[in-house]
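# Reading the structure
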Number of protein chains: 2
Amino acid sequence: MSSPIPVTLLENSNGIGDCPGFKTAGVACDVRELKNKERLDLAMLVAEKPCPAAGVFTLNDLCAAPVRLCKEILSRSSNKVAGFVVNSGNANAATGEKGMADAKQMGAIAQLSSGLGQPFLICSTGRIGRKLPMQQIEEGIEHAAQQLADDAQSSLNAADAILTSDTRRKVATAQFTYEGKTVTVAGMAKGAGMIEPNMATMLAFLTTDVVTNGDQLKNVLTAAVNKTFNRISIDGDMSTNDTVLLLASGKSGVDPWDGPADLLFAFKEAVFKVCDQLAELIVGDGEKVTKLVELVVEGCPKVSDAEKVARAVGNSLLVKASWYGSDPNWGRVADAAGYARVGLKEELLDIHYDEIPALIKGIPQDENKAQWKEVVFKKRFRITVNLNQGDADYRLLTSDLSEAYVDFNKSE
Amino acid sequence: MSSPIPVTLLENSNGIGDCPGFKTAGVACDVRELKNKERLDLAMLVAEKPCPAAGVFTLNDLCAAPVRLCKEILSRSSNKVAGFVVNSGNANAATGEKGMADAKQMGAIAQLSSGLGQPFLICSTGRIGRKLPMQQIEEGIEHAAQQLADDAQSSLNAADAILTSDTRRKVATAQFTYEGKTVTVAGMAKGAGMIEPNMATMLAFLTTDVVTNGDQLKNVLTAAVNKTFNRISIDGDMSTNDTVLLLASGKSGVDPWDGPADLLFAFKEAVFKVCDQLAELIVGDGEKVTKLVELVVEGCPKVSDAEKVARAVGNSLLVKASWYGSDPNWGRVADAAGYARVGLKEELLDIHYDEIPALIKGIPQDENKAQWKEVVFKKRFRITVNLNQGDADYRLLTSDLSEAYVDFNKSE
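None of the values given here were measured: they were computed from a predicted structure.

### Some thoughts on the overall build of chain A
- Counting secondary structure elements, chain A contains 11 helices and 16 strands.
- On C-alpha atoms alone, chain A measures out to a radius of gyration of 22 Å, which is about the 22 Å that the 2.2 N^0.38 rule sets for 412 residues.
- Across chain A, contacts joining residues at least 24 apart in sequence account for 80% of those joining residues at least 6 apart.
- A total of about 14800 Å² of accessible surface is found on chain A, and carbon and sulfur atoms cover 48% of it.
- On chain A, the mean spot of the 44 positive side-chain charges and the mean spot of the 53 negative ones are 3 Å from each other.

What follows is the structure, encoded as structure tokens:
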């Protein structure tokens, strides 16, 4: 169902800086300690005035210091922030008390450099279990604070600075108009799922210019994340640092909670569209991915059952290897669906490749084999698994498993 | 704790035929329909007289016809059987009502060929979703019935006939002596976890000569399977056909339930040792496996927590790829342990590679890096993850993930 107020994704996004009310910067400070002063590795965003923010974080028990710090900042009653700082190249995870001290220090330096009193949200992505090179980081934050600007290049630099094993920059911007005013939701992200050797994390940062508060933002962001970032899977490995943040400058003067239902609907759709686009960009740029597969599991008694089936199929090594080989192997899909153990009944099971039936009520449709074999040769296709046992469904966007993935991830 | 009555694994096992009271055969009947009359693909075992039996089966919702048939036979009150028939090359899974009729037909032909009135247990392994070539199967069973013998070669033929993508025969035999009588437990198995393209299944068959009944056998077998076959994992894919059977001829005259506790203990240990040896052989012969890793998870509040952590680590693609690359990447181990979500506390977490500490109370032990790097270069090593939050533990034997695995499994 699309919004009565049309929400448009921009063809050429510049990322978070597309949204009025923020300044951004991306600088190089050699977080990786490779004597490389060229690679951008520290991004900063500062709001014109303290602004409400919300975050969604990894559920991993082993949660990096900056994630714990962000949660702490956002749990405070006011939860207004000055902006955020992100470094790539080091995750500041499994770094003990020193790691937390370093994350707090990053925030303190950002406050000092920017002259702002409100706290900064801090994110890190990269190698686990190594202390942050604080001298480089401090210089980087100071440098970024001097570079802050509201132009497109600064925003693109920020989007580049957060990348690790990504091969492409990931940005998206959505807009809609309400009573002559333009409302913007913009975002940038770095890759996840397929994780660089020793590297971790999916990170996404969204900005908007609506008038709101942290609790409202949190509700909208959580709903969007559950339908987008939480529905992509490349290798099933959840990182220690996964974070999605949303900050609101208020600059548009539009309050989605103070108007017709269509207005709030449009704002939710804009947040969803930006998250969805970034999630697609992440899976499409997964390490050594050659195919994207949209898994749709239908006909389950409960959504949680549909999700179990989708994750069992989407994370099966045998299934993923067969996609890589363009092998129309519905037997492995059925086998993985069966070991999800949600009470699947063979005699009710349907499997389709795009629109082509491969299994109907448990009976193989071998006469269609030539057609469904064509489907799996495509770069992107859909597999629908219908249990015919209820009305709940779940969609998971996933990928194949290539030899190159194993080679890429076999060592540091 | 070892048994006061010494239980010995034979150095040279001939498999199930090592146990008195049974005749065996392995024949070639071209189940794969490749006009290949050389490859052994049908095994048969017949007891001298109807004997008690027990089975442990896959938990997959999608359960092959022969598995359902075996469960049905063993659920009957007497649960005595004449023996079993196994074919490789076709799993008779996802074959609908015809599949069940074919499995029953296999049993009927075995009864007819052998002239025995009791039912035969039926197992199949191989390709999913293809109907059994019943003409070949029928000829094979008739031929096997003629070949039945109690010599070593027949038993080894049976062990060869059940293999699919295995590169080696898998047999084991344990014995002990009680009051001058020798008690034997013997077994054969075919590979699991790593599954041949489109092929499924771990199968194991055990024979013993104790005097017992089906319920007693079931208890002993279930306990042994839980500590052995259920604790191996190669790719985390559970098949539609996994089956472990145990048949007892009574030929030794020894009833383990009618004697001192040490006697029953020795019998349980013999069953455990045969299962354990077969499980090790299966993992060691996993498709394209280059390393075996013994994962020991300790210090958990509950065994189910320890199992969750072990399976999260053991099935992580990133962890397995790093083992393949001999990369001492404890960060990925910690990350996977964290996303098992059992309430792991970073500041209590210890990780060892063999005896070498990599992480102690959440602090990386970088000074040991050269030593633990040596450990991961070995063909077999142990990783211990201690949560230090309780007394429960779990051991999982697993393997690495090689590029060759992906290549091998990418197509039919």
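On we go from here.
### What to know about the domain arrangement of chain A
- When cut into domains, chain A gives domain 1 (8–284) and domain 2 (292–409).
- Between the C-alpha centres of domain 1 of chain A and domain 2 of chain A there is a distance of 33 Å.

### Quick notes on the packing of aromatic side chains
- This model, assessed by the stated rule, comprises eight aromatic pairs over all chains.
- Lying over the aromatic face of tyrosine 394 of chain A, arginine 231 of chain A brings its terminal NZ or CZ to 3.8 Å of the ring centre.

### Some words on the environment of alanine 43 of chain A
Residues and elements named next belong to chain A.
- Structurally, the position occupied by alanine 43 is in strand E3 (residues 42–57).
- When its relative accessible area of 0% is taken as the criterion, alanine 43 is described as buried.
- Separated by 98 residues in the primary sequence, alanine 43 and isoleucine 141 place their C-alpha atoms 8.3 Å from one another.
- The residues touching alanine 43, leaving out its near neighbours within four places in the chain, are Ala25, Gly26, Phe84, Val85, Val86, Ala158, Ala161, Ile162 and Met188.

### Looking at the pairing of strand E10 (residues 243–248) of chain A
Residue and element names in this part refer to chain A.
- Among the six residues that make up E10, six are buried, leaving the element largely enclosed by the rest of the structure.
- Burial along E10 is two-sided: Thr243, Leu245 and Leu247 and Val244, Leu246 and Ala248, pointing in opposite directions, are all buried.
- Direction of pairing for E3 relative to E10: antiparallel, over a ladder of five bridges. The partner of valine 56 across the bridge, within E10, is valine 244.
- As paired elements, strand E8 (residues 203–208) and E10 share six bridges and run parallel to each other. Each bridged residue has a counterpart across the sheet, and for threonine 208 the counterpart in E10 is alanine 248.

### Comments concerning the packing of helix H8 (residues 317–324) of chain A against helix H9 (residues 330–339) of chain A
Residues and elements named next belong to chain A.
- At their nearest, the axes of H8 and H9 sit 9 Å apart, and the two run at 160° to each other. As summarised for this structure, H8 and H9 are arranged roughly antiparallel, according to the angle between their axes. H9 is crossed by H8, and the crossing has left-handed handedness. Residues Leu318, Val319 and Ser322 of H8 form the contact with H9, whose own contacting residues are Arg332, Val333 and Ala336.
- Here the contact of H8 with H9 is composed, by residue class, of four nonpolar, one polar and one charged.

### Let's talk about the pattern of salt bridges
- Enumeration over the complete set of coordinates arrives at 28 salt bridges over all chains.
- Between lysine 251 of chain B and glutamate 48 of chain B there is a salt bridge, and its shortest N-O distance comes to 2.6 Å. Remark: glutamate 48 of chain B occurs in strand E3 (residues 42–57) and lysine 251 of chain B occurs in the loop between strand E9 (243–248) and helix H6 (261–284); sequence separation between them is 203 residues.
- Judged by its relative accessible area of 47%, lysine 251 of chain B is partly exposed.
- We classify glutamate 48 of chain B as exposed; its relative accessible area is 52%.
- Of the charged contacts, one joins lysine 361 of chain B and aspartate 350 of chain B as a salt bridge, the two residues approaching to 3.5 Å between their closest N and O atoms. With lysine 361 of chain B in the loop between strand E12 (356–360) and strand E13 (363–364) and aspartate 350 of chain B in strand E11 (residues 350–353), the pair connects residues that are 11 residues apart, well separated along the chain.
- The exposure class of lysine 361 of chain B is partly exposed, given its relative accessible area of 40%.
- What emerges from the salt-bridge pattern is a single network uniting Glu280, Glu294, Arg380 and Arg395 of chain A.

### Here's the deal with the sheet that holds strand E14 (residues 380–386) of chain B
Residues and elements named next belong to chain B.
- Reading across the sheet, the six strands line up as E13-E12-E11-E14-E10-E15 and stay open at both edges, with mixed pairing between neighbours. With partners counted over all chains shown, the strands left at the sheet margins are E13 and strand E15 (392–399), one partner each.
- Of the strand pairs in this sheet, E11 and E14 are connected by four bridges, and their pairing is antiparallel. Of the residues in E14, the one forming a bridge with aspartate 350 is asparagine 386.
- Where H6 meets the sheet, it contacts strand E10 (292–300), E14 and E15, and its direction lies at approximately 45° from that of E15.
- Set on the sheet, helix H9 (residues 330–339) makes contact with E11, E12, E13 and E14; between it and E11 the angle comes to about 135°.

### Comments concerning the nonpolar core
- Judged by nonpolar contacts, the single largest core of 98 residues is most densely connected at Tyr353 and Ile383 of chain A together with Met44, Met188 and Phe205 of chain B.
- Ranked by the residues each element gives to this core, the list is headed by E3 of chain B, at nine residues.
- Excluding its chain neighbours within four sequence positions, the residues that come into contact with isoleucine 383 of chain A are Val293, Glu294, Leu295, Val296, Trp323, Val333, Ile351, His352 and Tyr353 of chain A.

### Brief notes about the environment of leucine 247 of chain B
Residue and element names in this part refer to chain B.
- With respect to the helices and strands, leucine 247 occurs in strand E9.
- In this structure leucine 247 comes out as buried when scored by relative accessible area, which is 0%.
- Sequence spacing of leucine 247 and asparagine 315 is 68 residues, and the spatial spacing of their C-alpha atoms is 33 Å.

### A few points about unusual backbone geometry
- Backbone geometry places arginine 341 of chain A, a non-glycine residue, at a positive phi of 55°.
- With respect to the element layout, arginine 341 of chain A can be found in the loop between H9 and strand E12 (350–353).
- One non-glycine residue with positive phi stands out, namely aspartate 30 of chain B, at about 60°.
- Here aspartate 30 of chain B lies in the loop between strand E2 (22–27) and E3.

### Notes on the environment of leucine 278 of chain B
Residues and elements named next belong to chain B.
- Within the secondary structure, leucine 278 is located in helix H6.
- Exposure remark for leucine 278: the relative accessible area of 0% places this residue in the buried category.
- C-alpha separation for the pair leucine 278 and leucine 163, spaced 115 residues apart in sequence, amounts to 13 Å.
- Apart from the residues within four sequence positions on either side, leucine 278 is in contact with Lys170, Val171, Ala172, Gly187, Met188, Ala189, Leu206 and Phe229.

### What to know about the side chain of arginine 32 of chain B
- Relative to the assigned elements, arginine 32 of chain B resides in the loop between E2 and E3.
- Beyond its immediate chain neighbours, meaning those up to four positions away, arginine 32 of chain B contacts Arg39, Asp41, Ser88, Gly89, Leu163 and Thr164 of chain B.

### Details of helix H4 (residues 152–161) of chain A
All names here are of chain A.
- Judged by how many residues are buried, H4 sits mostly within the fold: seven of 10 residues are covered.
- Taken together, the buried positions of H4 are Ser154, Ser155, Leu156, Asn157, Ala158, Ala159 and Ala161.
- Next to the buried residues of H4 lie strand E2 (22–27), E3, strand E4 (80–90), helix H3 (134–147), strand E6 (170–178) and strand E7 (181–190).

### A closer look at helix H5 (residues 214–227) of chain B
Residues and elements named next belong to chain B.
- Across its 14 residues, H5 extends 20 Å between first and last C-alpha, which sits within 8% of the 20 Å expected from 1.5 Å per residue.
- Inspection of H5 places Gly214, Gln216, Leu217, Val220, Leu221, Ala224 and Val225 among the buried residues, and these make up the whole buried set. Projected down its long axis, H5 shows its buried positions confined to an angular sector of 155°, all on one face. In this structure, H5 carries Asp215, Asn219 and Lys227 as exposed residues pointing more than 90 degrees from its buried face.
- Buried residues in H5 make contact with E3, strand E8 (203–208), E9 and H6.
- Near the N-terminus of H5, the side chain that reaches the backbone nitrogen of aspartate 215, with its oxygen 3.0 Å away, is that of asparagine 213.

### As for the packing of H5 of chain B against H6 of chain B
Residue and element names in this part refer to chain B.
- It is at 9 Å that the axes of H5 and H6 come closest, and there the two elements cross at 45°. For the element pair H5 / H6, the angle class is oblique. For H5 against H6, the interelement crossing comes out right-handed. Counted together, Leu217, Val220, Ala224 and Lys227 of H5 and Phe267, Lys268, Val271, Phe272 and Cys275 of H6 form the full contact between these two elements.
- Class assignment for the residues of the contact of H5 with H6 results in seven nonpolar, no polar and two charged.

Reading the values: the criteria
- Residues numbered from 1 in each chain as written.
- Chains lettered and ligands numbered in written order.
- Predicted model: local features only at pLDDT ≥ 70, side-chain atom pairs only at ≥ 80, totals over all residues.
- Heavy atoms only, no water.
- Helix = DSSP H or I, 4+ residues; strand = E, 2+ residues; numbered from the N terminus.
- Rg over C-alpha atoms; globule rule 2.2 N^0.38 Å.
- Contact = heavy atoms within 4.5 Å.
- Areas by Shrake-Rupley, 256 points an atom, 1.4 Å probe, with all protein chains shown as cover.
- Lys, Arg positive; Asp, Glu negative; His and termini not counted.
- Charge placed at Lys NZ, Arg CZ, Asp CG, Glu CD.
- Domains from an automatic or database assignment.
- Phe/Tyr/Trp six-rings, centres within 6.5 Å; stacked < 30°, edge-to-face > 60°.
- Lys NZ or Arg CZ within 6 Å of the ring centre and 35° of its normal.
- Buried < 20%, exposed > 50% of the residue type's maximum accessible area, 1.4 Å probe, protein only.
- Pairing = 2+ DSSP bridges.
- Axes fitted to C-alpha atoms, helices over the stretch in contact; angles between N-to-C directions.
- Parallel < 35°, antiparallel > 145°, perpendicular 65-115°, else oblique.
- Left-handed = near helix turned anticlockwise from the far one by under 90°.
- Nonpolar A, V, L, I, M, F, W, Y, C, P; charged D, E, K, R; others polar.
- Salt bridge = Lys/Arg side-chain N within 4 Å of Asp/Glu carboxyl O.
- Core = buried A, V, L, I, M, F, W, Y, C linked by side-chain atoms within 4.5 Å.
- Expected span 1.5 Å × (residues − 1).
- Arc of directions from axis to C-beta.
- Polar contact = N/O pair within 3.5 Å; in protein donor to acceptor, adjacent residues only side chain to side chain.

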